Amino acid sequence: MDKISSYVAVIVLTALLTGALVAFLLNIRERKEESKYRNVNVAQLNEEITDPAVWGHNFPREYDGYKKTSISTHTNYGGSEGISKLDTDPRLKTIFAGYAFSVAYNPRRGHYYSLIDQKETLRTKKFKQVGSCLQCHAGGLRNIYEKAGHGDMMAGFEKVCAMPLKDAWQYAQHPVACVDCHDPKTMDLRVTRPAFLIGIKKLKEKEGLKDYDPNTMASRQEMRTFVCAQCHVTYYCGSKEKLFYPWGNGIKVEQIEDFYDNFKFKDDHRFYDWKHEITGAEVIKAKHPEFEMWSQGVHSKSGVACADCHMPYMREGATKITDHYIRSPLLNVSRACLQCHHFTEEEMLGRVKTIQDINRKLLDRAEDALVALINKLAEAKKGKIPEEELIPIYEFQRKAQWRIDFVNAENSMGFHAPQEAARILGEAIDYARQGEVQAEGLLAKHPVN
Ligand code: HEC
Ligand code: HEC
Ligand code: HEC
Ligand code: HEC
Ligand code: HEC
């Protein structure tokens, strides 16, 4: 190559590089603009706008994710496909004998179905339920309560809770909605469920913090858990009192049990959810204590929030958005887990499988032990054993039932707090077998024939 042509080559190359650089910079600017203006305020959002589709005009990407919660999914123990729990585990029919859960009990589905499934279940078709049930299944409840209470949310809450559920449904149009977790003016995270606001205040008071209000006092990371904890918790839903969360003594399994043991309801009697049809024991039922269980695990202690795993960040062009397709993180390990854990997807799935398989095996043993206790009690009741001698054995059933249910109704099959779940199941097996041994002793003392 002569000197001139190499000059030309350098010039051409420089021009090309400059062009590419300019194009690159322009592209970045465009994308920055795009991310700045992507939330075109098409709709003026406010408290009255509860329909997620309207919010979707302003935030199409988040809305796209939200809509995907209608998809059916499947993992070893989770996902959102509805094979009845009573068919996959017939022991539950004995364990819940005499209670609505022995008639219908399905695995959860996605948020898209939260209102539909409540209307479809035989637990509301065959049994009378109270308006309290609505709190976690319908969207835009703050607005509903404010209207029902003529501007006073708490008054409206009490009013709707006391209605028959069928009447309360008239107020509800949407499933879990954007406005439940976001302030429509600022889009900041917020919690809207009255029972949560009251429950968390009690819990913090016990920890020495007065007048706690998560909406003004919680950190952003805490809010990334609280928005879920407003619904994914165990609750009291009787006909006398309005809905509440039993957290006055704390949120560990025995602290909640202790609360219920000291809680008086009808005719000043100690609280129970139902009288067991076979044994007559007064027993209590746990409902999806995800927040309570997560609180005892290493992720909680390390500050990892529900949203970190169930709503991880994802890239959309130059923007980082929060994945609003809330689902099992096992369908999404690379974004849900590998943001923190530097192992392969297979390795992470393997770790979860080990934890969940162990938990399932322990749970099987615990359910077997409880069914054995129930059967032994049924046998004992056929004989002439004085009722007061059976009372201590009913206590064993109550304790074992509560603990087994706390792990079984929790939806992570032990993952959210593996050691805590194992501890609880260990206690449950012990209580059930102690009860069985005592019943056996009584049977020897008072033979049936
Ligand atoms: C460290 C990650 C992580 C955190 C933090 C976490 N979870 Fe989970 N969660 C999981 C995994 C893993 C499962 C098991 C999913 C499966 O079996 O398919 C699960 C299961 C669930 C399920 C059942 C999902 C299904 O498809 O069956 C629900 C509901 C749930 N978690 C809610 C919560 C809530 C509420 C919080 C916060 C209080 C929380 N999780 C915190 C990882 C996490
Ligand atoms: C504190 C919030 C809360 C209240 C109150 C509540 N639910 Fe739910 N419900 C949930 C959550 C969270 C799930 C999903 C997790 C699960 O299924 O374990 C769920 C799941 C369900 C399901 C689908 C799974 C199944 O069990 O078949 C039905 C049906 C249901 N609830 C009915 C009711 C009825 C009836 C009431 C009133 C007695 C009620 N809920 C009150 C939060 C609540
Ligand atoms: C169950 C609670 C929940 C619901 C329901 C919900 N979001 Fe979010 N949203 C979150 C969380 C958690 C974040 C992360 C916020 C943070 O970390 O500051 C978020 C973030 C956002 C952001 C900020 C940008 C981003 O993607 O991180 C927008 C915009 C948003 N959501 C829109 C919506 C819209 C629109 C809907 C309804 C279609 C909706 N959200 C429903 C919990 C929720
Ligand atoms: C207003 C109450 C409410 C809030 C807030 C809420 N959930 Fe739910 N969630 C429900 C109900 C009710 C269901 C069960 C719907 C059904 O079975 O029809 C459910 C179902 C789920 C499922 C099962 C779906 C699947 O595909 O496995 C997961 C996972 C879940 N929620 C996680 C979360 C997380 C994480 C948050 C917070 C970011 C959250 N939820 C906030 C009420 C709520
Ligand atoms: C935001 C960060 C973060 C995310 C997201 C996260 N983890 Fe973790 N994980 C941690 C930390 C921190 C620990 C504590 C151990 C440590 O200090 O190394 C931990 C511990 C664990 C452990 C051992 C403790 C135990 O409970 O037995 C397992 C297993 C685990 N994580 C699995 C997962 C899986 C599966 C996911 C995704 C569904 C996930 N993690 C998501 C940060 C995270």
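Conventions and cut-offs
Residues numbered from 1 in each chain as written. Chains lettered and ligands numbered in written order. Predicted model: local features only at pLDDT ≥ 70, side-chain atom pairs only at ≥ 80, totals over all residues. Heavy atoms only, no water. Helix = DSSP H or I, 4+ residues; strand = E, 2+ residues; numbered from the N terminus. Contact = heavy atoms within 4.5 Å. Areas by Shrake-Rupley, 256 points an atom, 1.4 Å probe, with all protein chains shown as cover. Lys, Arg positive; Asp, Glu negative; His and termini not counted. Charge placed at Lys NZ, Arg CZ, Asp CG, Glu CD. Near = heavy atom within 4 Å. Polar contact = N/O pair within 3.5 Å; in protein donor to acceptor, adjacent residues only side chain to side chain. Donors = N, O, S within 2.8 Å, 3.2 Å for Na, K, Ca; no water. Salt bridge = Lys/Arg side-chain N within 4 Å of Asp/Glu carboxyl O. Buried < 20%, exposed > 50% of the residue type's maximum accessible area, 1.4 Å probe, protein only. Pairing = 2+ DSSP bridges. 1 Å grid on protein atoms, 1.4 Å probe; cavity = no way out; pocket = protein on both sides within 12 Å on 5 of 7 lines; lining within 4 Å. Points joined across faces, edges and corners; volume = space filled by probe spheres on them. Nonpolar A, V, L, I, M, F, W, Y, C, P; charged D, E, K, R; others polar. Axes fitted to C-alpha atoms, helices over the stretch in contact; angles between N-to-C directions. Parallel < 35°, antiparallel > 145°, perpendicular 65-115°, else oblique.

A. Quick peek at the overall build of the chain. In terms of regular secondary structure, the chain is built from 22 helices and six strands. Taking the principal axes of its C-alpha atoms as reference, the chain extends roughly 115 × 60 × 45 Å. Counting contacts in the chain only where the partners sit at least 6 residues apart, residues at least 24 apart contribute 66% of the total. Looking at the chain as shown, the accessible area adds up to about 22700 Å², and 56% of this sits on carbon and sulfur atoms. Positive and negative side-chain charges of the chain, numbering 62 and 60 respectively, have mean locations separated by a distance of 2 Å.

B. Up close: the site of ligand 4. Around ligand 4 sit 22 residues in total, of which His111, Asp117, Cys228, Cys231 and His232 are the nearest. Within the backbone of Tyr113, one N or O atom sits 3.2 Å away from an oxygen atom of ligand 4. Take Asp117: an N or O atom from its side chain is 2.6 Å from an oxygen atom of ligand 4. Counting residues per element, the ones that place at least two in the shell around ligand 4 are α6 (114-120) and α14 (220-229).

C. Representation of the coordination of the iron atom of ligand 2 within the structure. A lone protein donor contacts the iron atom of ligand 2, and this donor is His137 (NE2), found at 2.0 Å. As for its position among the elements, His137 is in the loop between α7 (122-125) and α8 (141-148).

D. Inspection of the pattern of salt bridges at higher detail. Counted according to the given criterion, the structure contains 36 salt bridges. Between Arg91 and Glu367 there is a salt bridge; the shortest N-O distance is 3.1 Å. Linking Arg91 in helix α5 (residues 91-95) with Glu367 in helix α20 (residues 345-382), this pair joins segments that are 276 residues apart in sequence. The class for Glu367 is buried, based on a relative accessible area of 0%. One connected set of salt bridges, linked through shared partners, spans Glu254, Glu257, Lys399, Arg403, Glu420, Arg423 and Glu427.

E. Layout of the coordination of the iron atom of ligand 4. Each protein donor to the iron atom of ligand 4 is listed here as His111 (NE2) and His232 (NE2); together their distances run 2.0 to 2.1 Å. Overall, His232 belongs to the partly exposed group, its relative accessible area being 33%.

F. Focus on the pairing of strand β6 (residues 319-322). The alternating pattern of β6 places Thr319 and Ile321 on a buried face, while none of Lys320 and Thr322, on the opposite face, is buried. Examined bridge by bridge, strand β5 (residues 313-316) and β6 share four bridges and lie antiparallel to one another. Counterpart to Arg315 in the pairing with β6 is Lys320. In sequence, β5 turns back onto β6 through a hairpin of two residues, with Gly317 there showing a positive phi of about 65 degrees.

G. Region of the structure containing the layout of surface pockets. If you add up the space inside the second largest pocket, you get close to 480 Å³. If you go around the second largest pocket, you meet 21 residues; those closest to its centre are Tyr77, Lys85, Thr88, Pro107 and Arg108. Breaking the lining of the second largest pocket down by element, the ones donating at least two residues are α4 (85-88), α20 and α21 (387-408). When grouped by side-chain class, the residues that make up the lining of the second largest pocket number six nonpolar, eight polar and seven charged.

H. Local environment of the site of ligand 1. Taken together, 23 residues surround ligand 1, and among them Thr75, Cys306, Cys309, His310 and His416 come closest. One of the side-chain N or O atoms of His310 is found 2.8 Å from a nitrogen atom in ligand 1. One of the side-chain nitrogen or oxygen atoms of His416 is found 2.8 Å away from a nitrogen atom of ligand 1. Every element with two or more residues in the shell around ligand 1 is listed here: α16 (290-294) and α18 (306-310). Of the residues belonging to the shell around ligand 1, the class tally is ten nonpolar, eleven polar and two charged.

I. Structural detail: the packing of helix α9 (residues 153-162) against helix α12 (residues 194-206). Following both chains from N to C, one finds α9 and α12 inclined at 110 degrees, their axes separated by 10 Å at the closest point. On the basis of the axis angle, α9 is roughly perpendicular to α12. Contact residues: α9 offers Met153, Met154 and Phe157, while α12 offers Pro194, Ala195, Leu197 and Ile198. Counted by class, the contact of α9 with α12 contains seven nonpolar, no polar and no charged residues.

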